[in-house]
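Examining the three-dimensional arrangement
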Amino acid sequence: MSGTHLNCNAKTVVRVLTTGGTIEKSYSETEGTLKNRASIIREGLISNLRLPYTQLELESLLNKDSLDIDDDDRKLIAAAIDRTAVQGDPIIVLHGTDTMALTADYCFRQLGQPTVAVIFTGAMRPMGFIGSDAQQNFTEALFATQLLTPGFYISFHSRLFQVPGVRKNLQAGTFEMV
């Protein structure tokens, strides 16, 4: 093999900011409800992954359905991205799918070009449910952090979209370019 190569043995750090959304919803037997209560990413998703070369640093920002996220919440998310990017590590933002593109666009408009890759992802079905896409989307976003140049992206269903210009397609149940 000639030319430059990646140091595949180096340990990398990925910062994960959680906001709630479908990916983090849990069912309460006593209430009979499915909603965001507390971040369950570490126990529900990350504990099942084998990541000997990746160190994940989690920070829970919100615990909301994305339909309840407003511009004050988006301001908080943008500020967290801005202060986290200073550390020089790629960032994954776990977000509900209903307003993920709005939040990603908001952050792009507020922050401009980031110094690291910032990847938004989520799930159409909560992790732990049959047919959930949570693990797939999170794993693909993790892999993308190793390959992408600085910018805002949405990673979903084996596709990467550069922000702005992404929307959720309700009929197809995924994201697409505008």
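Procedures and definitions
Residues numbered from 1 in each chain as written. Predicted model: local features only at pLDDT ≥ 70, side-chain atom pairs only at ≥ 80, totals over all residues. Heavy atoms only, no water. Core = buried A, V, L, I, M, F, W, Y, C linked by side-chain atoms within 4.5 Å. Buried < 20%, exposed > 50% of the residue type's maximum accessible area, 1.4 Å probe, protein only. Helix = DSSP H or I, 4+ residues; strand = E, 2+ residues; numbered from the N terminus. Contact = heavy atoms within 4.5 Å. Pairing = 2+ DSSP bridges. Axes fitted to C-alpha atoms, helices over the stretch in contact; angles between N-to-C directions. Expected span 1.5 Å × (residues − 1). Arc of directions from axis to C-beta.

Okay, the nonpolar core next. Of all hydrophobic cores here, the largest spans 26 residues; its most connected members are Ile81, Ile91, Val93, Val118, Phe120, Ile154 and Phe175. The set of elements that each furnish at least two residues to this core consists of β4 (54–64), α2 (71–85), β5 (91–94), α3 (100–111), β6 (117–121) and β7 (151–156). In this structure Ile91 touches Arg15, Leu17, Ile81, Thr84, Ala85, Val116, Ala117, Val118 and Ile119, once residues within four positions along its chain are discounted. If you look at the next biggest cluster of nonpolar residues, it comprises 13 residues, including Val14, Leu56, Leu94 and Ala117.

Across the sheet, which stays open at both edges, the six strands sit in the order β4-β1-β5-β6-β7-β8 with mixed pairing between neighbours. Single-partner strands in this sheet number two, and they are β4 and β8 (159–162). Geometrically, the sheet is characterised by an average inter-axis angle of 25 degrees between neighbouring strands, direction not taken into account. By the bridge criterion, four bridges tie strand β1 (residues 12–20) to β5 in an arrangement that is parallel. Its bridge partner lying in β5, Leu17 is registered against Val93. Of the strands in this sheet, β1, β4, β5, β6 and β7 are in contact with α2, which crosses β4 at around 160 degrees.

Its twelve residues give helix α4 (residues 134–145) an end-to-end C-alpha distance of 17 Å, which sits within 8% of 16 Å, the value for a rise of 1.5 Å per residue. Listed as buried for α4 are Ala134, Asn137, Phe138, Ala141, Leu142, Ala144 and Thr145. Relative to the axis of α4, the buried residues are bounded by an arc of 165 degrees and lie together on one face. At its buried positions, α4 is contacted by β1, β4, β5, β6, β7 and β8.

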